[in-house]
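If you want the building blocks of each chain, they are given just below.
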Amino acid sequence: MLRLLVALAALAAGCSTTAPPPTESARLLVLNKDAATATVFDLATGEATTTMPTGTGPHEAVVLADGRTAVVTDYGQQVPGSSLTILDLDAGERLRTLDLGTLTRPHGIVALGPGRVLVTSETTRQVAAVDIATGEVAFTAPTDGDGSHMVVVAPGGGTAYTANISSGDVSKIDLASREVTAQAAIGAVAEAIAISPDGAEVWASSQQTGAIVALNAGTLEERARTTVGGRPIRLTFTPDGTRMLVTSVASSALTVLDAETLEVVGTVELGLGASPVGTVVSADGTRAFVSLLQLDRVAEVDLATFEIVRQFETGRVPDGLALAP
């Protein structure tokens, strides 16, 4: 109860000075879905430094290796989106918009080598490798899954995995041959996916059943599973691979699991009706940043104490997050 009261007090106050912010990443990028904008916060001061326009319905973003270029998926709203927005975080400007043509509903995105990203297209059941400089689609590969939503890539970049919402499964894709080499059933509304830092395991979850499933990355054989309430929607490993952070969109809490045993080792109350979704973790593993969909805020969580130490007021309906130098 005391921990709950401390967390709620931090939300009400807006900021706690009990611990300094992480130093490995200097900026937090927040996508505001309903506002069609991206806001950058300076983590040293907690202040918003710029807000840039994106396409309609920005959902996910990745910061490239140069530390200044961010790529945003423009998912759309009632009308499906079909573009990527390129942002210059240093200049605080939208550089350009890349038209993906028939690759509609782009959502999950990861960096795939210098100047290239891999993005899902929900409606076409594909992933696409896009060259950021030219805007050209280098190649596409099928996912053999319906509603391919989030994507992760194994160390080395040769293998991708997608969580497929409508078919309730995970696909393993060889990016060289552009073929699906394995699939595993997870459960209805399989949206969240994560890969361990060493590439040994892929985890996925089912919103409908609450299942959290740990899979062998090579074979997609199931090692273990547990259940978390509140419709788990995102999974995020800590950098050392020892813990898994779970956000559940129909809850007000962040759940922290032991990555070996899948036991709950911590719970962070984020505020009544928070609806947590997007999550990123600082490089040193000490802090997590969680977007609170219904509160128009991002909470900064100390992963040693499981307490909220700061919050950021965002635009409307914050979703995807990314950290940058």
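Numbering of residues starts from 1 in each chain and follows the order in which that chain's sequence is written. In keeping with the model being predicted, local features are shown solely for residues with a pLDDT of at least 70 and side-chain atom pairs are shown and tallied solely at 80 or more, while totals for entire chains, interfaces and linings include all residues. Values reported for side chains reflect all heavy atoms of the structure, with hydrogen atoms and water molecules removed beforehand.

Some remarks on the overall build of the protein chain
In step 1: Tallying secondary structure elements over the protein chain gives one helix and 28 strands in all.
In step 2: Only the C-alpha atoms count toward the radius of gyration. The rule for a globule is 2.2 Å times the residue count to the power 0.38. Rg of the C-alpha trace for the protein chain: 18 Å, near the compact-globule value of 20 Å for 325 residues, within the 12% margin.
In step 3: Each of the three principal axes of the protein chain carries a C-alpha extent, and together these read 55 × 45 × 35 Å.
In step 4: Relative accessible area decides the class of each residue, using a 1.4 Å probe on protein chains only: under 20% of the type maximum gives buried, over 50% gives exposed, and in between gives partly exposed. Counting over 325 residues, the protein chain shows a buried share of 58%. Where helices and strands are cited, they refer to DSSP runs of H or I of at least four residues and of E of at least two residues respectively, numbered from the N terminus.

Concerning the layout of surface pockets
In step 1: We place a 1 Å grid over just the protein atoms. Points where a 1.4 Å probe fits but has no way out form a cavity, open points with protein on both sides within 12 Å along at least 5 of 7 lines form a pocket, and any residue with an atom within 4 Å of a point lines it. Grid points are joined across faces, edges and corners, and a volume is the space filled by probe spheres set on the points. A volume near 1,200 Å³ is recorded for the largest pocket.
In step 2: Along its surface, the largest pocket is lined by 34 residues, and V110, V152, T236, T279 and V280 are the ones closest to its centre.
In step 3: Asp, Glu, Lys and Arg are counted as charged, while Ala, Val, Leu, Ile, Met, Phe, Trp, Tyr, Cys and Pro are counted as nonpolar; the rest, among them Gly, fall into the polar class. Split into classes, the residues belonging to the lining of the largest pocket amount to 24 nonpolar, eight polar and two charged.

Looking at the sheet that holds strand β16 (residues 190–195)
In step 1: Read from one edge to the other, the open sheet built from four strands follows the order β16-β17-β18-β19, with strand pairing classed as antiparallel. Because the sheet does not close on itself, it has two edges, and the strands there are β16 and β19 (222–227). Neighbour-to-neighbour, the strand axes of the sheet open up by a mean angle of 20°, direction not taken into account.
In step 2: Sheet topology places strand β17 (residues 201–206) next to strand β18 (residues 211–216); five bridges connect them, and they run antiparallel. Two strands form a pair only when DSSP identifies at least two bridges running between them. Here an angle of 0 to 180 degrees is reported between the N-to-C directions of two axes, which are lines fitted to C-alpha atoms, with helices fitted over the stretch in contact.

Considering the pattern of salt bridges
Should the charged atoms of two oppositely charged side chains come close, the side chains can pair.
In step 1: A side-chain nitrogen of Lys or Arg and a carboxyl oxygen of Asp or Glu constitute a salt bridge if their distance falls within 4 Å. Applying the stated criterion across every chain, the model contains 13 salt bridges.
In step 2: A salt bridge links R287 to E300, with the shortest nitrogen-to-oxygen separation between them at 2.3 Å. Placement of the pair is R287 in strand β25 (residues 287–292) and E300 in strand β26 (residues 297–302), with a sequence separation of 13 residues. Comparing R287 with E300, the two get one shared label, buried.
In step 3: A single network of salt bridges, built from pairs that share partners, joins R27, R68, D88 and D90.

Let's talk about the pairing of strand β2 (residues 37–42)
In step 1: Counting buried residues along β2, five of its six residues qualify, which places the element largely inside the surrounding structure.
In step 2: In this structure, the hairpin formed by strand β1 (residues 27–32) and β2 is closed by a connection of four residues, where A36 is found at a positive phi of approximately 55°.
In step 3: With five bridges connecting them, β2 and strand β3 (residues 48–53) associate as antiparallel partners. From the neighbouring strand, T39 faces β3, where its bridge partner is T51.
In step 4: Here β2 hands over to β3 after five residues, with G46 in that stretch at a positive phi of 80°.

Points about the nonpolar core
In step 1: As used here, the term nonpolar core means buried Ala, Val, Leu, Ile, Met, Phe, Trp, Tyr and Cys residues forming a set that is joined through side-chain atoms within 4.5 Å. If you look at the biggest cluster of nonpolar residues, it comprises 19 residues, and the most contacted ones within it are Y161, V170, I186, I193, L215 and L220.
In step 2: Counting only elements with at least two residues in this core, the list comes to β12 (148–153), β13 (159–164), β15 (179–185), β16, β17 and β18.
In step 3: The contact rule is simple, with two residues in contact once any of their heavy atoms fall within 4.5 Å. Once residues within four sequence positions are removed from consideration, I193 is found in contact with M150, V151, V152, Y161, T162, A163, V170, V202, W203, A204 and L235.
In step 4: Listed in part, the 15 residues of the second largest apolar core include A274, L292, A299 and L303.

Some details on the environment of A253
In step 1: The residue A253 is located in strand β22 (residues 253–258) in this model.
In step 2: Not counting the four nearest positions on each side in its chain, A253 is found in contact with V246, S248, T267, V268, E269, L270 and P276.

What about the side chain of H59?
In step 1: Tracing the sequence through the fold places H59 in strand β4 (residues 58–63).
In step 2: Judged by its relative accessible area of 11%, H59 is buried.
In step 3: At 3.2 Å, the side chain of H59 and the side chain of H107 are in polar contact. We call two N or O atoms a polar contact when they sit within 3.5 Å, provided that within protein one can donate a hydrogen and the other can accept it, with sequence-adjacent residues counted only if both atoms are side-chain atoms.

Things to note about the confidence of the model for the protein chain
In step 1: Residues at a pLDDT of 70 or more form 92% of the protein chain, whose mean pLDDT is 93.
In step 2: Predicted confidence for residues 1–20 stays below pLDDT 50, and this span has 27 contacts to residues more than four positions away or in other chains. The predictor attaches a confidence to each residue, called pLDDT, with possible values from 0 through 100.

Section: unusual backbone geometry
In step 1: Its identity as a non-glycine residue notwithstanding, V189 has a phi of 60°, on the positive side.
In step 2: With respect to the element layout, V189 can be found in the loop between β15 and β16.
In step 3: Relative accessible area serves as the criterion here: at 26%, V189 is assigned to the partly exposed category.
In step 4: With phi around 55°, S275 is a residue other than glycine that occupies positive phi space.

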